[in-house]
Amino acid sequence: AQEIINQFIPPRSWMEEDTLWVQEASAAPATRLEVVQLQDRLAALLAERHAKATGICPVRQQLYSECFDELIRQVTAEDPDRGLLLLRVRDERRTTLNAYQTLFESRMGYGFRLALKGEQEIIQNTQKLEKVKAYKKELEQQVEEWKTKISDKAKQQEERFVEDERKYAEELNTLKKENNAKKLQLESCCVVQKR
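About the cut-offs
- Residue positions are given per chain, counting from 1 as you read along its sequence in written order.
- Totals for whole chains, interfaces and linings use every residue, but because this is a predicted model, local features are given only for residues with pLDDT of at least 70 and side-chain atom pairs only at 80 or more, for both listing and counting.
- Each side-chain value is worked out from all heavy atoms of the structure, with water and hydrogens disregarded.
- Each helix is a run of DSSP H or I of at least 4 residues and each strand a run of E of at least 2, with the numbering of both proceeding from the N terminus.
- Note on method: radius of gyration uses C-alpha positions; expected globular size equals 2.2 Å times residues raised to 0.38.
- The cut-offs for exposure are 20% and 50% of the maximum accessible area for each residue type, with area from a 1.4 Å probe on protein chains only; residues under the lower value are buried, those over the upper are exposed, and the others partly exposed.
- Charge assignment in this entry is limited to Lys and Arg as positive and Asp and Glu as negative, and neither His nor the chain termini are counted.
- Where a charge lies is defined by one atom per residue type, namely NZ (Lys), CZ (Arg), CG (Asp) and CD (Glu).
- In what follows, residue pairs with any heavy atoms lying within 4.5 Å of each other are defined as contacts.
- Pairing of aromatic rings covers Phe, Tyr and Trp, the last through its six-membered ring, and needs centres within 6.5 Å; plane angles under 30 degrees mean stacked, over 60 mean edge-to-face, and all others mean tilted.
- To sit over a ring, a charge needs its Lys NZ or Arg CZ within 6 Å of the ring centre and within 35 degrees of the ring normal.
- DSSP bridges decide pairing: two strands pair if at least two such bridges lie between them.

A. Examining the overall build of the protein chain more closely. Counting its regular elements, the protein chain contains four helices and two strands. What you see for the protein chain is a C-alpha radius of gyration of 53 Å, clearly larger than the 16 Å of a compact globule of 195 residues, by over 25%. Considering only C-alpha atoms, the protein chain reaches an extent of 170 × 40 × 25 Å along its principal axes. Split into buried and exposed, the 195 residues of the protein chain put 12% on the buried side. Within the protein chain, one finds 33 positive and 34 negative side-chain charges whose respective centroids are separated by 15 Å.

Structure representation (structure tokens):
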């Protein structure tokens, strides 16, 4: 059992006053009181380190991992085969969690890229909209200029028409007067010749 425990909780070693000290995890079975103390210690550490209750929290992940390792140590001390099975479960859980974390980070990156692309498209569309508005304003100015020109031309045509009509009426009156004068002159000549 001690060999299995040393595989997943490696012994710590340090030098102190020319003496090499090695500390191994205990292979003694845990009592009910130790399990309750472990649970209380976990709750206290979660609160002390301000671990998030949901989502990916490295602090919570580390504390639960250490707690799970301690539970595996306790089970391994009683039954090494169960301890090995729990080690496999722990490793599978870590692999799955790492896969989910990688997937989450990939999706976050994708989301940020989409958001950035969306912002760029908004900027581009805003610029296009400003250009279209400027072009529209330019066209509206051209329309107003053409309306003014058309109105001016219509006034000129109306004035020319009135002027031409006035000239025509004057010319007609002049011609009528000349016609009457010649008619009178002709009549007076005819009357003189008859006599």
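B. Molecular detail of the environment of R73. Relative to the helices and strands, R73 is located in helix α3 (residues 58–78). Each C-alpha atom of the pair R73 and T54 lies 27 Å from the other, and the pair is 19 residues apart in sequence. Here R73 is in contact with I5, F8, I9, A25, S26, A27 and A28, once residues within four sequence places are set aside.

C. Seen up close, the packing of aromatic side chains. Inspection of every chain in the model, using the stated rule, returns zero aromatic pairs. Sitting over the ring of Y110, R107 keeps its end group 4.9 Å from the ring centre. Here the guanidinium or amino end of K149 rests over the ring plane of W146, the centre of that ring lying 4.9 Å away.

D. Structural detail: the pairing of strand β2 (residues 19–23). Relative to β2, strand β1 (residues 12–16) runs antiparallel, the two being bridged by five bridges. Paired with R12 across the strands is Q23, a residue of β2. Taken together, β1 and the strand that follows it, β2, pair antiparallel across an intervening segment of two residues, in which E17 is found at a positive phi of about 50°.

E. Structural context of the environment of E178. Of note, E178 is situated in helix α4 (residues 80–194). Note on E178: relative accessible area 42%, which makes it partly exposed.

F. Representation of unusual backbone geometry within the structure. Phi at E17 takes a positive value of approximately 50°, unusual for a residue other than glycine. Note that E17 resides in the loop between β1 and β2. The exposure class of E17 is exposed, given its relative accessible area of 73%. Here D18, not a glycine, exhibits a phi torsion of approximately 60°, which is positive.

Structural measurements only, silent on function.
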